[in-house]
Amino acid sequence: MYYSSIIIAFILVFILSAVGTAVLNIIFRFLGKRGYLGNLYPNVRGGTPRAIGVIPFIILSFYMIPGANSLILIIGIFALIDDILGRRKCEPLGIEWGQLSRGIGILLVIIAGIIEGYWISAIFIAFMVQPMNISDMQPGSTCIVTMIMCIVTVILMLIVGSPMVGELPAVYTPLLIFVVCLGYCPLDFSGKIMLGEVGNHTFGVALGLAFYYVGGLWSVILLGIITTALIAFVRRNNLRVFFRQKLRILNPTFGDYFMDVLTGGGLGDLCRKWILKDKQYVVKNPILISLGFRRLLYNPHAAHPKAYTPRKQIPSLAKGG
């Protein structure tokens with residue numbers, strides 16, 4: 001009777017996720033085509049509803065175990081603000097309002113996580129926002145990574161014998177995330193909708209919590225690294241183009257891809273601006289190159305960034321050279 005009620009709950013969750021996603025897609029398209037949604041209906045592929053990940057956010061906020069759902073609620077709210085505000089500049093701070101909202105959300109998740117008893121693990125749980133945010137730059141990539149890592153987490157829980165979490169078995173959390181993502185993902189895989197920050201941030205923190213229930217701090221760190229590597233592998237073709245055309249690194253290594261997922265994006269580059277200021281270091285050591293230090297130390301805010309490839313060679317990249 002106990003497990004049958006969980007199965008029934010999962011069936012209900014799947015229906016809510018699938019139907020809610022489809023309905024919100026219709027509503028957003030109707031409003032977006034009439035110019036009412038702003039940043040939530042970007043001109044991507046002729047117009048694509050953004051922040052449909054609010055459906056997984058709402059569901060996980062209700063169905064995650066007590067204590068964990070408060071972390072989901074915090075990151076989801078601030079991520080949704082990020083989606084709505086987008087790249088509008090916060091002039092006094094010299095950053096984007098979206099970046100500020102995301103940063104506040106991450107800090108509050110850490111604080112709430114410590115209060116809830118996750119202690120130092122709360123930092124790594126919150127940091128899962130970073131790689132999942134980078135993963136959400138091509139259709140379906142975040143969903144496939146989320147579902148694969150849920151399966152890996154369940155397998156590890158069965159191997160190590162993870163204990164109950166509250167009144168529920170530990171496997172409840174990764175299975176819940178999997179079912180929610182499964183209901184959401186069909187339209188995302190086809191490129192018809194976008195998770196937005198609210199979606200990928202929610203899945204990031206939810207996965208971090210699931211990782212914690214495997215075995216605490218060590219499992220959050222280990223599975224976080226595996227997740228980052230998986231995202232780098234899934235996005236390797238897109239990242240190769242990005243490195244060649246934007247960073248002028250013609251021969252990127254997997255370490256570069258990994259480091260981009262781990263430290264790239266707006267917040268990562270903002271940290272480089274604060275730390276490196278206007279300096280640009282060129283990495284030539286083969287070992288450091290293989291570990292991704294070219295990407296780690298690449299400073300887009302440098303006054304005169306040094307190139308790994310002469311600018312005169314850049315046009316050949318567009319021709320597949």
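The structure reproduced in this document is the subject of the present report. The structure displayed is predicted, hence computed values, not measured ones.

Scanning the protein chain from N- to C-terminus turns up 16 helices and two strands. Against the 2.2 N^0.38 benchmark of 20 Å for 321 residues, the protein chain shows a C-alpha radius of gyration of 20 Å, consistent with a compact globule. Taken over the C-alpha atoms alone, the protein chain extends approximately 70 × 50 × 40 Å along its principal axes. Looking at the 321 residues of the protein chain, the share that counts as buried comes to 50%.

Before going further, it helps to examine unusual backbone geometry. The phi angle at Trp119 is positive, at roughly 50 degrees, despite the residue not being glycine. Mapped onto the secondary structure, Trp119 falls in the loop between helix H4 (97-115) and helix H5 (121-127). With phi around 60 degrees, Arg248 is a residue other than glycine that occupies positive phi space. Along the chain, Arg248 falls in the loop between helix H11 (236-246) and helix H12 (254-263).

With that settled, consider the packing of aromatic side chains. Two aromatic rings are characterised by how far apart their centres lie and by the angle between their planes. In total, this model carries six aromatic pairs according to the counting rule given. Here the aromatic rings of Phe243 and Tyr257 are separated by 5.7 Å at their centres, their planes lie at 70 degrees, and the arrangement is edge-to-face. Within this pair, whereas Phe243 is found in helix H11, its partner Tyr257 is found in helix H12, the two being separated by 14 residues in sequence. Accessibility expressed as a relative area gives 5% for Tyr257, which makes it buried. Put simply, the rings of Tyr118, Tyr212 and Tyr213 pair up and form one aromatic cluster. Cation over ring: Arg34 sits above Phe30, and NZ or CZ is 3.9 Å from the ring centre.

Our next topic: the pattern of salt bridges. Summed over the entire model, instances satisfying the criterion amount to six salt bridges. Here the salt bridges share partners, and the residues they tie into one network are Arg50, Asp82, Asp83, Arg102 and Glu197.

Moving on: H12. By the criterion of burial, H12 is predominantly enclosed, with eight of the ten residues buried. On its buried face, H12 is in contact with helix H6 (129-135), helix H10 (217-234), H11, helix H13 (265-276), helix H14 (286-290) and helix H15 (293-296). Once H12 finishes, Gly265 follows within two positions and takes phi at roughly 85 degrees, a positive value.

With that out of the way, let us pick up the packing of H11 against H12. Running from N to C, H11 and H12 cross one another at 90 degrees; their axes reach a closest spacing of 10 Å. Considering the angle they form, H11 stands roughly perpendicular to H12. Taken together, the residues of H12 that come into contact with H11 (itself represented by Arg236, Leu239, Arg240, Phe242 and Phe243) are Asp256, Tyr257, Asp260 and Val261. Split by residue class, the contact of H11 with H12 holds five nonpolar, no polar and four charged.

Reading guide: rules and limits
- Residues numbered from 1 in each chain as written.
- Predicted model: local features only at pLDDT ≥ 70, side-chain atom pairs only at ≥ 80, totals over all residues.
- Heavy atoms only, no water.
- Helix = DSSP H or I, 4+ residues; strand = E, 2+ residues; numbered from the N terminus.
- Rg over C-alpha atoms; globule rule 2.2 N^0.38 Å.
- Buried < 20%, exposed > 50% of the residue type's maximum accessible area, 1.4 Å probe, protein only.
- Phe/Tyr/Trp six-rings, centres within 6.5 Å; stacked < 30°, edge-to-face > 60°.
- Lys NZ or Arg CZ within 6 Å of the ring centre and 35° of its normal.
- Salt bridge = Lys/Arg side-chain N within 4 Å of Asp/Glu carboxyl O.
- Contact = heavy atoms within 4.5 Å.
- Axes fitted to C-alpha atoms, helices over the stretch in contact; angles between N-to-C directions.
- Parallel < 35°, antiparallel > 145°, perpendicular 65-115°, else oblique.
- Nonpolar A, V, L, I, M, F, W, Y, C, P; charged D, E, K, R; others polar.

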